Each structure stands twice: as structure tokens, then as C-alpha cells.
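Reading the structure
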Amino acid sequence: MKRTMMCGEVRAEDVGRTVVLQGWVHSVRDHGGLIFVDLRDRAGLVQVIVNPTTAAEAFEAASGLHDEYVVEVHGKVERRPAGSENPRVGTGEIEVHADRIEVLNPSLPLPFPVAEDVPVDERLRLQYRYLDLRRPRLTRNVVMRHRVFKYIRDFMDAAGFVEIETPILANPTPEGARDFLVPSRLHPGCFYALPQSPQQYKQLSMVAGMDRYFQIARCFRDEDLRANRAVEFTQLDLEMSFVEPEDVFAVCEELFTGLTETLTDKRVLTKPWPRITWQTAMDRYGSDKPDLRYELSIVDVSDIAGATDFQVFRGAVESGGVVRGLRVPGAAGFTRRQIDELSELAKVAGARGLAWAALTDGEPRSSFGRFLTEGQQSALWSRLEAGPGDLVLLVADAVSVVRASLGRLRAELARRLELASNKDVAWAFVTEFPWFERDEVSGRLTFMHHPFTMPYEEDLPLLDTDTLRVRAKAYDIVANGEEHASGSIRVHRADIQNKLFELLGYSPERIESNFGHILNAFRYGAPPHGGIAPGLDRIVAMLVDEDNIREVIPFPKNQSAQDLMMGAPGPVQADQLEELYIRLVEPAPVSS
Ligand code: ASP
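**A look at the overall build of the protein chain**
Assigned secondary structure in the protein chain consists of 17 helices and 24 strands. With the C-alpha coordinates of the protein chain rotated into their principal frame, the extents come out at 90 × 75 × 55 Å. The buried share of the protein chain, taken over its 592 residues, is 49%. Residue pairs at least 24 apart in sequence account for 67% of intrachain contacts in the protein chain once pairs closer than 6 positions are excluded. Roughly 29,000 Å² of accessible area belongs to the protein chain as shown, and the carbon and sulfur atoms make up 51% of that amount. With 68 positive and 88 negative side-chain charges, the protein chain shows a spacing of 1 Å between the two charge centroids.

Okay, structure coming up:
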């Protein structure tokens, strides 16, 4: 190559060398007759100095430079004058004295500054993603993503996994979202579905005897976009034969502990990672993805509160609900306004209200004290392990409402009290999820993980009697309040799989047409198997302290699933539709 090294790689050892650099003009300044150019490439910045007396032609070229011009610089590496070093950049001890500058390509005026880390409207950033990606923060994120993927591939290879590609043009596999469909030209009226995950292929790879499969796989789910979800995302998909949950955990724990500690300066908070059942997570933290960087646990006080004359407590318990509370250490000084805000938050999560008490050395300030005897109050404080200086928050309602509202409050309080640090990663496994849940909208029985999940053997009889109590051999990986992976041990017997499909209300025709192939495969010696699929977008985002996964996806879609740079999705030519035997019905798509 013509260039001798990358801009960001020039070091003090190179002093005295003549170099050729190629890169982008990050900034250009005129200082007392000398022109200073910061030249940038993926590796970083280097300071170039152009002196009119020693390099007249180069000076003239430099005078015409603007931001983001692509230039070639020939020059000599010199040590910076004492006192003008910049320890914040790798090239901070040196500067390059240019004797020739050539513009390789100019740039139009920029839609937003690339050199400064200023807030820019996301629409604009996504429309000019190639400029956005030049910004150092985004460059860093993309490179980190690469490092994570590389670490994973090396680790999985060493652990005996084989990377197997699976089709993108596939058939529907249920993961709880809508399918993206692709019409077939060769088979009029038939459609492929893009994989919501390679779930069935990876299971079939186990039937094929591959033993340990992995893939850094793209998944497609046509869902209404919620924060931090994308219609197209990337997961580390893995599957193993002859395993129990702990065997899957061992791989994940070693991989993600090592990855966190090797690629970041973050600390893995608890080793080995805690294993918490779904039930405990919901009861103690009010969430199936608890943030375990802090404790702040929820405590049941139904027996004490239900026996008081306070109708809110008593009534909730009498109608089958619960009363639970949180002790917020040192928060007795919260103002009425702060408490009202918490109360609003509890209401958003479905609670009718929030009972509270601020404990002092004397009489507590409280919303319910007058309804309780002193003995009842002190029983409450001691159950909650609360003392002077603490704030106590209680919710009385149906168990699901109490979990949701106190879980919300727990997270909000941790934020306000700054209980969690981004330097910590509290990885954990949540286990023993329920197999079924009721769909909120239709009221129908549906799966919580996916229909290929094995129930606990001892719960199999409940399939006929009390389906909602059947536990699945399903597990999640969580960290810092986010779900990062879901997985399970699979059903490998056709009879159990069939029964689960039936309980889900799938007709025999649907079972046959959607799943006949996998049920059939299970009849040819399917090994017991299980796996998991960590979502890599969110994991990378956590590792680089980004809240939004779009910051770590090189070319993301916006919140409305559009690629603003490429203009996708977009209308197509009428003859393309005709070839596909597709006729559009109203409403016709609007081209933007
Ligand atoms: N296919 C599942 C998912 O995408 C993961 C698994 O069960 O392994 O969530």
C-alpha cells in the first residue's frame, strides 16, 4: 500500500521517519501562519502541521481543506515541542510535518458535524449512517462488536462447537412474533418465512448428530417496536446434545464472564453467577429480569398487614391478593412530592395506590399509621428490617399487580439513589419459567418461551389437570435489569411435543403442516438436547454503556422498522409484483 501506516498508529518510535498517511480531515485550524490538520482514520487521529516557508505547495493545498475531505499527506514525524503533548491520544507525543498534501476527494458541507460528539437528530444520523459511523464513538462500538463476535467464535470453537449456517428463506417457526414472509416466484401462492430464530434447524442439527452447534445468527420478528427491540437482530444461537440446564449454563457462564473481563474494564459482580427461579425473581425483585447490582428486595407482609383494620390491606388479602413492601434505606427524608411521584409510578404499573411510612427516631410519618396498632407497625418494620432513617413502601393488590408495581419502584429507587454502577455486570440465570401463560388479549393459553420446551418431568401429570402450574425447563440469562438470553431443554419425544401443540390449541392440520417435519425427525433417534440464544446487540450495548441497541448495530432500522439510508421498505415495480402473482389491495402503500 502507498500509505506507510494508519493515522492513529504513528508513535514516538517513528520520530524521524518519512510517512505517507491517508485519511479524513477531522479539523483544520490556522494558527499564526501554520496550518494544523487533524487527520483521522479508523485507528484514530494524528496532528499534521503545514509550514508555508518550508512547504509552500502543501500549504496552499492545506488552505483549501474542509472537514471530511479525504487527503494524502507526505511528511516527517517529529516530536511535539515540550509542553504541547496530548496524553489523551495515542499519537499525542508526535506530529507530522507535511511536505506534500494531495486531495483525494472533497466532501460536500456536512449535514451534521462528524468531529464533535454533539447531539444530532436520529433521523439525520440514520439517513447519513456512513457519516455517523465515522464519529469516534460509533467507530468504537462497531469495532467492539467485532471483538465480541471474534471472542465468541474463538471460544465456541475451542469448546467443541461447530458453526452451522441455517437458511434465511425458511418456514414459520413460532417465537411469539409475526413472520416476515417472502413470496415464491417458482411456487405461486407459496411463501417462505424469514426465521424468527433458527430454532428448528438447530434442533434438527442435534438429530443429525452434530452434538454442539452454534451460529451468530440473524433473526427476524415482525413485531410492533418496543424500546430496545429491533425487527432484525443478531443472536449467538447454540444447541447441545445430552445436556441438562447446568451444562448449558457452564458454557454461557465461562463465555460471558471471560468476554466481560477480557474486553472491558467491567467487573463481573458475582461468580459463580446466581441461579434464581422465576418464582423467586418475581416475588423478591418483582421482575423476571432483575437487576442484581443491588439487593433492595421485596418482602411479603400479607400475614401482618391482612390482620389489621386497614381496609386497603385487609381487603386485598381477603380477596386473594397480597401485601408486600420494600425498605428503602436512608430515604426517610424523601419529600411528599417525591413520594407522590413514586405513587404515580406504582399506579402506572396497575396499583391502586402506594402506602408509605418514613421512619424516624420518634413517631413515623406515614400514610396508614393511624389504622394500625403500635404492635402491628413494629411487626411490619421488623419483617422489613426497617429502622429510623428508612422509607417503607407497601402495595396491596393481586399478586401480579404487586410484583409489577414494586418491581418498577425498585428499579426507579435504585436509579434515584444511584445504587448501581455501570462498572458492574450482575450476570445471573433465571430458571424454572412457567411453561404456559394466558395471552393478555385473547385470554388463550400460550407458551411463555416457545413450544419446543421440555416441561419438568415431575410436572408432566399437571398437563392434564393444572396446565398453568407446569414448569418449563426454560431459563434466561439476565444482567443489570435486562434479559440477555432465553433457552431451554427441548422436548425430544414426539408424543409430548404433540400433546403440547394440542394444548396450545393447534389443529391437527396445523401441527402436520407446520411441524410434521420435526415431529417426524424426533421418531428417528433424536438425542435429548437443549440450548440458548444470547442476544448480541443488547450485550454489546451493555458492554459499551449504550442504552439504545441502535448505537451498536452498524446499519440499524429506525423505531418504525425503516432503513432511512437505503429507503427500505419501499414500493416495487408493477412487473415484479406480477411475476410473484401478487396484486395489491387497498390501502395502497404510500411511497415516501
Ligand atoms: N430460539 C430461542 C430464542 O430465540 C432461543 C432458544 O430457545 O435457544 O429465544
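Following the structure, the description resumes.
**A word on the packing of aromatic side chains**
Overall, the coordinates contain 17 aromatic pairs when judged by the stated rule. Consider the rings of Phe-368 and Trp-381, whose centres lie 6.3 Å apart with planes at 55°: the pair is tilted. A residue pair is termed long-range when its members are at least 10 positions apart, and Phe-368 in the loop between strand S16 (365–366) and helix H11 (374–383) and Trp-381 in helix H11 qualify at 13 residues. Residues Phe-501 and Tyr-506 carry aromatic rings whose centres are separated by 5.6 Å and whose planes lie at 20° to one another, so their mutual orientation is stacked. Residue Phe-501 shares its accessibility class with Tyr-506, and that shared class is buried. Three or more aromatic residues joined by ring pairs make a cluster, and in this case those are Phe-249, Phe-256, Trp-273, Trp-427, Phe-429 and Tyr-475. Stacked on the ring of Tyr-456, the Lys or Arg Arg-471 has its end atom at 4.4 Å from the ring centre. Over the aromatic face of Tyr-456 sits the side chain of Lys-473, whose NZ or CZ is 5.8 Å from the ring centroid.

**Some points on the sheet that holds strand S3 (residues 44–50)**
Reading around the barrel, the five strands line up as S1-S2-S3-S5-S4 and close back on themselves, with mixed pairing between neighbours. Adjacent strand axes in the sheet meet at a mean angle of 55°, parallel and antiparallel pairs treated alike. Judged from the seven bridges that link them, strand S1 (residues 18–31) and strand S2 (residues 34–41) form a sheet pairing that is antiparallel. Counted as the bridge partner of His-31 is Leu-34 from S2. Along the sheet, helix H1 (residues 56–63) makes contact with S1, S2, S3 and strand S5 (94–105), crossing S5 at roughly 65°.

**Brief notes about unusual backbone geometry**
Of the consecutive residues Lys-271 and Pro-272, the connecting peptide bond is found in the cis state with omega at -10°. Along the polypeptide, Pro-272 turns up in the loop between strand S11 (267–268) and strand S12 (275–277). The omega angle of the peptide bond from Ala-568 to Pro-569 is -5°, so this bond is cis rather than trans. Here Pro-569 lies in the loop between helix H16 (536–543) and helix H17 (574–579). Backbone geometry places Glu-385, a non-glycine residue, at a positive phi of 55°. Looking at the secondary structure, you find Glu-385 in the loop between H11 and strand S17 (391–397). Of note, the phi angle at Glu-432 is positive, near 55°, even though the residue is not glycine. Along the chain, the position of Glu-432 falls in the loop between strand S19 (427–431) and strand S20 (436–438). With a relative accessible area of 25%, Glu-432 lands in the partly exposed category.

**Brief notes about the site of the ligand**
Residues in close proximity to the ligand total 14 residues, the closest being Glu-175, Gln-199, Lys-202, His-450 and Arg-490. Within the contact set of the ligand, a nitrogen atom lies 3.1 Å away from a side-chain nitrogen or oxygen of Ser-197. A distance of 2.6 Å separates an oxygen atom of the ligand from a polar side-chain atom of Lys-202. Compared with its free state, where it exposes 270 Å², the ligand has 95% of that area covered by protein. Put simply, the parts of the chain that give the shell around the ligand at least two residues each are helix H5 (199–207), strand S23 (482–489) and strand S24 (529–534). Of the residues forming the shell around the ligand, the biggest block, three residues, is contributed by S24. Here the residues of the shell around the ligand sort into two nonpolar, eight polar and four charged.

**Thoughts on the sheet that holds strand S6 (residues 162–163)**
The sheet built from eight strands is open, its strands ordered S6-S9-S10-S24-S23-S22-S19-S12 with mixed pairing. Looking at which strands have only one partner, the edges of the open sheet turn out to be S6 and S12. In terms of strand pairing, S6 meets strand S9 (residues 212–220) through two bridges, oriented parallel. The residue bridging Val-162 from the neighbouring strand is Tyr-213, located in S9. Contacts from helix H4 (residues 136–158) reach S6, S9 and strand S10 (232–241), with the element oriented near 150° to S9.

**Quick word on the pairing of S1**
As paired elements, S1 and strand S4 (residues 70–79) share seven bridges and run antiparallel to each other. When the bridges of S4 are listed, Val-19 appears paired with Gly-75. As consecutive antiparallel partners, S1 and S2 are separated by two residues, and within that stretch Gly-32 has a phi angle of approximately 50°, a positive value.

**Comments concerning helix H6 (residues 245–263)**
With 19 residues, H6 extends 27 Å from end C-alpha to end C-alpha; this agrees with the ideal 27 Å at 1.5 Å per step. By the burial criterion, the buried members of H6 are Pro-245, Val-248, Phe-249, Val-251, Cys-252, Glu-253, Leu-255, Phe-256, Thr-257, Gly-258, Leu-259 and Thr-260.

**Considering helix H7 (residues 278–285)**
All buried positions along H7 are accounted for by Trp-278, Ala-281, Met-282 and Tyr-285. Projected onto a plane normal to the axis of H7, the buried residues spread over an arc of 110° and lie on a single side. Contacts from the buried residues of H7 go to S12, strand S13 (298–300), helix H12 (399–416) and S19.

Procedures and definitions
Residues numbered from 1 in each chain as written. Predicted model: local features only at pLDDT ≥ 70, side-chain atom pairs only at ≥ 80, totals over all residues. Heavy atoms only, no water. Helix = DSSP H or I, 4+ residues; strand = E, 2+ residues; numbered from the N terminus. Buried < 20%, exposed > 50% of the residue type's maximum accessible area, 1.4 Å probe, protein only. Contact = heavy atoms within 4.5 Å. Areas by Shrake-Rupley, 256 points an atom, 1.4 Å probe, with all protein chains shown as cover. Lys, Arg positive; Asp, Glu negative; His and termini not counted. Charge placed at Lys NZ, Arg CZ, Asp CG, Glu CD. Phe/Tyr/Trp six-rings, centres within 6.5 Å; stacked < 30°, edge-to-face > 60°. Lys NZ or Arg CZ within 6 Å of the ring centre and 35° of its normal. Pairing = 2+ DSSP bridges. Axes fitted to C-alpha atoms, helices over the stretch in contact; angles between N-to-C directions. Near = heavy atom within 4 Å. Polar contact = N/O pair within 3.5 Å; in protein donor to acceptor, adjacent residues only side chain to side chain. Nonpolar A, V, L, I, M, F, W, Y, C, P; charged D, E, K, R; others polar. Expected span 1.5 Å × (residues − 1). Arc of directions from axis to C-beta.

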